[in-house]
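# Descriptive analysis of the structure
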Amino acid sequence: MQGQQDQDAMGMGSMIREVQELAEKFKVEEDENYVSPYAQLEKATVLQEARIFHDPTAVRENPRKCCTVIAQLLHLQNTGQYMSSTEATEVFFGVTKLFMSDDASLRRMVYLFIKDVAETCNPDDVIIVTSCLTKDMTCDVDLYRGNALRVLVRIVDVAMLGAIERYVKQAIVDSSGQVSSSALVSASHLFASSPECAAVVRRWISEVQEASSSPNEMVQFHAMQLLYQIKSHDKLGISKLVSQFSTRNTLRSPLALVLLVRYTAKLLNDEYADGRNMNDGSPVSKQGYQFLEASLRHKSELVVYEAARAICNLDGIEPQDLSPAISVLQLFLSSPKPATRYAAMRTLATVANTQPRVVSKCNEDLEALIGDSNRSIATLAITTLLKTGSENSIDRLLKQISAFLTEIADEFKITVVRSLQKLCLTYPAKHRVLVGFMSNFLREEGGFDFKKSIVSSIISLIRQVPETTESSLLHLCEFIEDCEFTRLSTEILHLLGELGPKTAAPARYIRFIYNRVILENAAVRAAAVSALSKFAAQCPSLRASIMVLLKRSLIDEDDETRDRAAISVSILEDAMEAYPYVPPPEDAEAEDIPPDVPAQGDTAAYILLESMPMTFEKLERSMAAYMKTPMSMDTPDPISFGSLPIVEDTAEEIAAAMSTESGLDAEINGLEAAPKKKEVVDPAAVVYAIPELASLGRAFRSSLPVMLTESETEYVVQCTKHIFQNHVVLQFSVQNTIEDQRLDNVTVLIDDSESEIFSASGEIATEGIKYGESKNCFTVLERNADAPLTSSTFTCELRFTVVQVDPATGEAEGDTFEEEYPLEDLQITTSDFMAKVTVPDFRKAWETAGNANEVLEKFALQFKKMEDAITSVVDFLGMQPCDGTGSIKPNAAGKPHMLHLSGVFVSGQQVLARAQIAMQGDNGAGVILKIAVRSDDETVSRMVADCIQ
Amino acid sequence: MLPPLLPKIDAILVLGSDGDRLAGKYYGDFLKATDDHPNAEESRTNFEKEVQQKIGGVIARPDAAEVVMVQGKTVVFCGGSSQGAGGDIRVVHVGPSNESELVLAHLCEGMYDALSQLMGGTTERTMVLDNLELVFLLIDEHCDGGIILETDGSKLAGAVLLRDDDGMHDPRAQAMGGGGHPQTQGMPAGVSTGDMTLGQAFRQARDQFFSGGM
């Protein structure tokens, strides 16, 4: 049957070809005059031509002409010359006249036109073709039935759907594959269009079931898809559907099988998310995996690839279960079809992210792909190799890449650079080769983004692998000698000023920097002057010579450069006078030479080198908070960093510290990450506004609001905890959702009888909460500062007077009565007293704190996943993760995770914590947490360590 | 990244060798005109320009579609050889990035096959441009609102051609043209007579001749 069809098609094709060659001959003779009916169409002309539709004789006699005009109209739409709504409607009415003709090809074009234009026209106008379409849909011509149905579902609404439902159901089980497919696809569209239509489609399930066993492949595919759509919210139904089709083995269509594989994989992942997997003997999972594995041996590549990809993407799959899928993908790598190679390569690259060892057996095939003509495949192969390769294959790989890198587009190069950076993190010993390799490409041609990605990679490697510092700095120095991008030059100069003075031979960088002062534009000169000043400040031995250089910039034509030079010169001159540099005697032994560092109390070092204790943005926030605090502006004390309020990191900063992208990508995007300015509102401002509470002073921090009711109850209450030095102010935001009530004298009663730490010392009620409004009432708890903090739970109750009001006018009418409304318990934990504040340099801060007041603890916690454990530990302590340790590094699966946390306690002590979290056993039985807490006060350290629950 | 459970195509394009759109259809929300970007045409042209930048000069065999990524979409195409007058067209399928490249390639190869059958074995730009109505019909038979209807090249070409004809009730034509096709069972009756393939072919020639002569 198939063969015969092919032959027929061939016969048809060859015949057309012959005739077309004939036409071709005519064409050659009149080539100059020949114009394609679709070349240079003018909308106005075509619209004019479209009037032919209104002429019944022309329509009857020349349907071919009508077809051409419709095609021309469609072509206009296709090339962006859209008709206006009025034009479309007018043409549309003309087209409806064409239903008069019985010409099949014309009818087909009419269908196509209606579908294309239906959206542009007024829906009320489109409705008029419904009856014509319905008639076509019920006639005995296959060709009309399927197509009319496909047009019809574009324009019907639920009401009309009811009228044609019977015909659609018949069409689904029609003996013609085309009609059946059309009906099923139309039903799919209807199902997605509105819930009402979906409800109707659901009623056709038995017809769809029947269609799914059709011998026609496409019908199987469409029925499968619709069945899944209908059952998508019925988990059991899906499970049945999948097992039924995977065991019965009736599906012939590769596309339908592809769908079945996807559904099976989804089912397995859902099972896993519910805590069941195939090793536990869940029958669904076991059967599913068997089906996937069997599909790896299907004769169609489509199905094989889909199954392999599904297996690779299964959650919680063991490496040994992956290997059959990897073997299949490995075979695909040498396929003659680019799409097959590409698909296999992409999947392997994803697997290599998490399981490089499993993929490493494909290394040979991957290396062969570096020369692939499809550059995307080649790039993927390289980046994958960089993940799976071993340390001693790096040199060989780099050789292969360097030939490749020169001939590909920048976007691929950037991908490669990122992989190189990751590789260097994995094998720090190879840093010299890798950084050298990247630096070579700094000197090659390339756009800003490419250069930027290299510079960012080198800089972040300096931070993470300190051994690379000296060689990298020299590479960067050479780069700025010939760098056309001001932003990169200034960034590098800043880095040189920061790191250069601390290297073994700082003097060697001076020449590079001073060259910039002579040769560059204003922005770079200013950066260079700043860098020079830092060298001078840090290395007294260089001060005299740098002074000479700096003084030359005093006559620079750029204001900024001149100012910077002037400040540095003046500061350095003072310092040189106060602490003159005494060079060590010429014959001194190497070990006798004192380190070249500024003397204690050196003003130049202090001014030019010490960083601010907080960022400018934080300083601004802190000042704003200071000014808002009651009475602070009246005190005679001068402002110092010590007297400024402690400000917590903003929600965005916290989110950034917790996000998985923090490390690498943030570094890479760092250059262009524009500061997102957002007005930070001090949540404690509402408290300061209450005169009675002014005496409490400044709020230390405020927690995020906690719901004390469900969000759909009559009265919605949420609580914000404001922590003061010796008090806690609880702010209850009460919302009234009852239309005919007004709430007066609203307070929240806190049961403090069980707490030894807190006692309720005052309440501030709120009056007149109308329908839909929310207002705040306050309860003040006094804290016994001597008792150590522990987590305390309070029962709360909302108390108020209900005033019945007329919903329309808001006037009080009728009775008032007292009412009590129980709320959920409120918890005050130690973490509420901890401000999330990052330290700029955790390692240094940790060592400065010392282990005098260190508290060590070990806990076993019931967490199945590392991520959950980390988030919870951070929550328990209420501290801020530092150095990007708030998330797991992408390829560190299985290894213990080290979490660095910092914060400031209510008493003003800085608290630091290092927590090691390790999975216990392989089967997710729990995690082991080892935590060390340091602060100035042992009781504080103890309290913090006890926060772990 | 899990594959879509309800596979949909984002766009089907027929591009000339220098990237001009001969025919194209965008489905669903992909590059659709929204309130923020009322000018969908502009973003579509830009998208096609980017596509052309990546695929220009690359020739994909009819049975081995090539793959590139453009704007986060998987773009699969067939064709593009520079032989013949005006060069060869490319059939381009655009799908979401989590769609299997093999599935997209399968669709693309099917449509390319159908197109070359319809154009009498060639996929030259001029020939395609002259027979755009067949291309429109082909796209419609191939994909409905983003959901794939039919992928087999011969079936697609058959569907487009049979439809295009006036009638099939002549038994001779059935034997010659599409004998055994399920589609032939219910062709419209009582319309004009004529051999399907010949009628079709001659009309094409005639039309071209006339329009060329005028």
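Residues numbered from 1 in each chain as written. Chains lettered and ligands numbered in written order. Predicted model: local features only at pLDDT ≥ 70, side-chain atom pairs only at ≥ 80, totals over all residues. Heavy atoms only, no water.

- Chain B has the name Coatomer subunit zeta in an unreviewed UniProt entry, where Nitzschia inconspicua is given as its organism.
- The Subunit (unreviewed entry) field of the UniProt record for chain B holds the comment "Oligomeric complex that consists of at least the alpha, beta, beta', gamma, delta, epsilon and zeta subunits."
- In the Sequence similarities (unreviewed entry) part of its UniProt record, chain B is described as follows: "Belongs to the adaptor complexes small subunit family." (UniProt positions renumbered as here; feature names shortened; annotations may be inferred.)

- If you look chain A up in an unreviewed UniProt entry, it shows as Coatomer subunit gamma from Nitzschia inconspicua.
- Taken verbatim from the UniProt record of chain A, the Sequence similarities (unreviewed entry) comment is "Belongs to the COPG family."

### Considerations on the side chain of Ser553(A)
- On the secondary structure map, Ser553(A) appears in the loop between α32 (543-552) and α33 (559-578).
- With near-sequence residues (within four places) excluded, Ser553(A) lies in contact with Val517(A), Val529(A), Arg562(A) and Ala565(A). (Helix = DSSP H or I, 4+ residues; strand = E, 2+ residues; numbered from the N terminus. Contact = heavy atoms within 4.5 Å.)

### A word on the state of the cysteines
- Per the counting criterion, the structure on display carries zero disulfides over all chains.
- Cys777(A) forms no disulfide, and the closest cysteine sulfur to it belongs to Cys719(A), at a distance of 9.2 Å. (Disulfide = S-S within 2.5 Å.)

### Focus on the sheet that holds strand β9 (residues 796-805) of chain A
Residue and element names in this part refer to chain A.
- With antiparallel pairing, the three strands of this open sheet are ordered in space as β5-β9-β10. The open sheet has two edge strands with one neighbour each: β5 (741-750) and β10 (812-822). Neighbour-to-neighbour, the strand axes of this sheet turn through a mean angle of 10 degrees, independent of strand direction.
- As paired elements, β5 and β9 share eight bridges and run antiparallel to each other. Within the sheet, the bridge partner assigned to Val748 lies in β9 and is Leu798. (Pairing = 2+ DSSP bridges. Axes fitted to C-alpha atoms, helices over the stretch in contact; angles between N-to-C directions.)

### Here we look at helix α2 (residues 101-118) of chain B
Residue and element names in this part refer to chain B.
- For α2, built from 18 residues, the straight-helix expectation of 26 Å at 1.5 Å per residue is met to within 8% by its first-to-last C-alpha distance of 25 Å.
- Taking burial as the measure, the 18 residues of α2 include 15 buried ones, the bulk of the element.
- With a side-chain oxygen lying 3.2 Å from the backbone nitrogen of Leu102, the N-terminal cap of α2 falls on Ser100.
- The first or second residue beyond α2 is Gly120, which carries a positive phi of 70 degrees. (Expected span 1.5 Å × (residues − 1). Buried < 20%, exposed > 50% of the residue type's maximum accessible area, 1.4 Å probe, protein only. Polar contact = N/O pair within 3.5 Å; in protein donor to acceptor, adjacent residues only side chain to side chain.)

### Some points on helix α13 (residues 205-212) of chain A
Residues and elements named next belong to chain A.
- What α13 keeps buried is the set Glu207, Val208, Ala211 and Ser212. Down the axis, α13 shows its buried residues gathered within 145 degrees of arc, on one side only.
- As for α13, its buried residues are in contact with α10 (158-172), α11 (177-193), α14 (217-231) and α15 (235-248). (Arc of directions from axis to C-beta.)

### Overview of the packing of aromatic side chains
- This model, assessed by the stated rule, comprises 13 aromatic pairs over all chains.
- Between Phe30(B) and Phe47(B), the aromatic rings sit 5.1 Å apart at their centres with planes inclined by 85 degrees, giving edge-to-face as the arrangement. In this pair, Phe30(B) sits in the loop between β2 (21-26) and α1 (40-55) while Phe47(B) sits in helix α1, placing the two residues 17 residues apart along the sequence.
- The exposure class of Phe30(B) is buried, given its relative accessible area of 9%.
- Grouped by ring-pair contacts, the aromatic residues Tyr715(A), Phe800(A) and Tyr821(A) constitute a single cluster.
- Of note, Lys413(A) hangs over the ring of Phe450(A), and the distance from its end group to the ring centre comes to 5.0 Å.
- Geometry around Phe512(A) places Arg511(A) over its ring, the cationic atom sitting 4.5 Å from the centre. (Phe/Tyr/Trp six-rings, centres within 6.5 Å; stacked < 30°, edge-to-face > 60°. Lys NZ or Arg CZ within 6 Å of the ring centre and 35° of its normal.)

### Observations concerning a negative patch on the surface
- A contiguous patch of negative charge on the surface is contributed by Glu444(A), Glu445(A), Asp482(A) and Glu484(A).
- Among the structural elements, Asp482(A) can be located in the loop between α28 (469-481) and α29 (486-499). (Patch = residues over 30% accessible without salt bridge, like charges linked within 9 Å, V, L, I, M, F, W, Y side chains within 5 Å. Areas by Shrake-Rupley, 256 points an atom, 1.4 Å probe, with all protein chains shown as cover. Salt bridge = Lys/Arg side-chain N within 4 Å of Asp/Glu carboxyl O. Lys, Arg positive; Asp, Glu negative; His and termini not counted. Charge placed at Lys NZ, Arg CZ, Asp CG, Glu CD.)

### A few points about the packing of helix α24 (residues 394-405) of chain A against helix α25 (residues 410-426) of chain A
All names here are of chain A.
- Contact geometry of α24 with α25 gives a least axis separation of 12 Å together with a crossing angle of 165 degrees. Between α24 and α25, the crossing angle belongs to the class labelled roughly antiparallel. Relative to α25, the crossing made by α24 is left-handed. Between α24, through Ile394, Leu398, Ile401 and Leu405, and α25, the contact on the second element is made entirely by Lys413, Val416, Leu420 and Leu423.
- Taken together, the residues of the contact of α24 with α25 break down into seven nonpolar, no polar and one charged. (Parallel < 35°, antiparallel > 145°, perpendicular 65-115°, else oblique. Left-handed = near helix turned anticlockwise from the far one by under 90°. Nonpolar A, V, L, I, M, F, W, Y, C, P; charged D, E, K, R; others polar.)

### Topic: the environment of Ile155(A)
Residues and elements named next belong to chain A.
- Among the structural elements, Ile155 can be located in helix α9 (residues 142-155).
- Its relative accessible area of 13% is what places Ile155 among the buried residues.
- With 29 residues separating them in the primary sequence, Ile155 and Val126 have C-alpha atoms 7.1 Å apart.
- Excluding its chain neighbours within four sequence positions, the residues that come into contact with Ile155 are Ala118, Val126, Ile127, Val129, Thr130, Leu133 and Met160.

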